[in-house]
Amino acid sequence: TRRPLRGGGGADSVRVSAPNSCAWTATTSAPWINITGGASDTGNGMVRYSVSLNAGPARNGTITIAGHTFTVTQNGVGGRLGASHNDVTTDAVGPR
């Protein structure tokens, strides 16, 4: 499912499905993506993130959750944000 956000910035979330004993973390190296909630958890959870205003051309960034890559694409101001999907499922147990 895609929930579009304008290039002017906004927020979205990713649902994580994992076994109860699986600890996971979410990280990003893109300076314009900020993880605002659920950066780490055990079992099922939700990672919340926001994106900054994009006054330039379209850009791509990633959020890595339990070793799985979640891609975020954002157009410039007036455009929309599209995420590759809004769910991440992992069967990994422990850190990767």
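Residues numbered from 1 in each chain as written. Predicted model: local features only at pLDDT ≥ 70, side-chain atom pairs only at ≥ 80, totals over all residues. Heavy atoms only, no water.

Novice: I keep staring at the overall build of the chain and nothing clicks. Help me out?
Specialist: Counting its secondary structure elements, the chain contains zero helices and ten strands. When the elements of the chain are put in sequence order from the N terminus, they spell out β-β-β-β-β-β-β-β-β-β. Looking at the chain as a whole, 40% of its 96 residues are labelled buried. The long-range fraction of contacts in the chain, counting pairs at least 24 apart against all pairs at least 6 apart in sequence, stands at 52%. In the form shown here, the chain has an accessible surface area of approximately 5000 Å², with 49% of it arising from carbon and sulfur atoms. (Helix = DSSP H or I, 4+ residues; strand = E, 2+ residues; numbered from the N terminus. Buried < 20%, exposed > 50% of the residue type's maximum accessible area, 1.4 Å probe, protein only. Contact = heavy atoms within 4.5 Å. Areas by Shrake-Rupley, 256 points an atom, 1.4 Å probe, with all protein chains shown as cover.)

Novice: Would you mind going over the packing of aromatic side chains with me for this structure?
Specialist: Where two aromatic rings form a pair, the distance of their centres and the angle of their planes describe that pair. If you walk through the whole model with that rule in mind, you get one aromatic pair. Taking the centre distance of 6.0 Å and the plane angle of 65° together, the rings of Tyr-49 and Phe-70 count as edge-to-face. Of this pair, Tyr-49 sits in strand S6 (residues 45–51) while Phe-70 sits in strand S8 (residues 68–74); the two residues are 21 residues apart in sequence, bridging distant segments of the chain. Taken as a pair, Tyr-49 and Phe-70 share a single burial class, namely buried. (Phe/Tyr/Trp six-rings, centres within 6.5 Å; stacked < 30°, edge-to-face > 60°.)

Novice: What's the story with the side chain of Arg-59 in this structure? I'm lost.
Specialist: Of note, Arg-59 is situated in strand S7 (residues 59–65). There is no salt bridge for the buried Arg-59, and the closest opposite charge comes from Asp-12, which lies 14 Å off by N-O distance. A polar contact is formed between the side chain of Arg-59 and the backbone oxygen of Ser-52, at a distance of 3.0 Å. (Lys, Arg positive; Asp, Glu negative; His and termini not counted. Salt bridge = Lys/Arg side-chain N within 4 Å of Asp/Glu carboxyl O. Polar contact = N/O pair within 3.5 Å; in protein donor to acceptor, adjacent residues only side chain to side chain.)

Novice: Is there a simple way to think about unusual backbone geometry in this case?
Specialist: As a rule of thumb, non-glycine residues mostly have phi less than zero, and peptide bonds are mostly trans rather than cis. Phi is positive for Ala-66, which is not a glycine, with a value near 50°. Checked against the element boundaries, Ala-66 lands in the loop between S7 and S8.

Novice: Whenever I open this one, the pairing of S7 confuses me. Can you help?
Specialist: Each regular strand carries side chains that alternate between the two faces of the sheet. Only one face of S7 is covered, namely the one carrying Arg-59, Gly-61, Ile-63 and Ile-65; the face carrying Asn-60, Thr-62 and Thr-64 has none of its residues buried. The pairing of strand S3 (residues 23–28) with S7 spans three bridges and is antiparallel. Residue pairing across strands places Thr-27 opposite Thr-64, the latter belonging to S7. Where S7 and S8 come together, seven bridges link them in antiparallel fashion. (Pairing = 2+ DSSP bridges.)

Novice: Mind showing me how you'd approach the nonpolar core here?
Specialist: One recurring pattern in soluble globular proteins is that nonpolar side chains are buried together. By size, the foremost hydrophobic cluster in this structure holds 17 residues, and its most contacted members are Trp-24, Ile-33, Val-47, Tyr-49, Ile-63, Ile-65 and Val-72. Of all the secondary structure elements, the ones that give two or more residues to this core are strand S2 (10–17), S3, S6, S7 and S8. By residue number, the principal contributor to this core is S6, which donates three residues. (Core = buried A, V, L, I, M, F, W, Y, C linked by side-chain atoms within 4.5 Å.)

Novice: Honestly, the environment of Asn-20 in this entry has me stumped. Any pointers?
Specialist: Checked against the element boundaries, Asn-20 lands in the loop between S2 and S3. Sequence-wise, Asn-20 and Gly-43 are 23 residues apart; in three dimensions their C-alpha atoms are separated by 4.0 Å. Look past the residues within four positions of Asn-20 in its chain and what remains in contact with it is Thr-42 and Gly-43.

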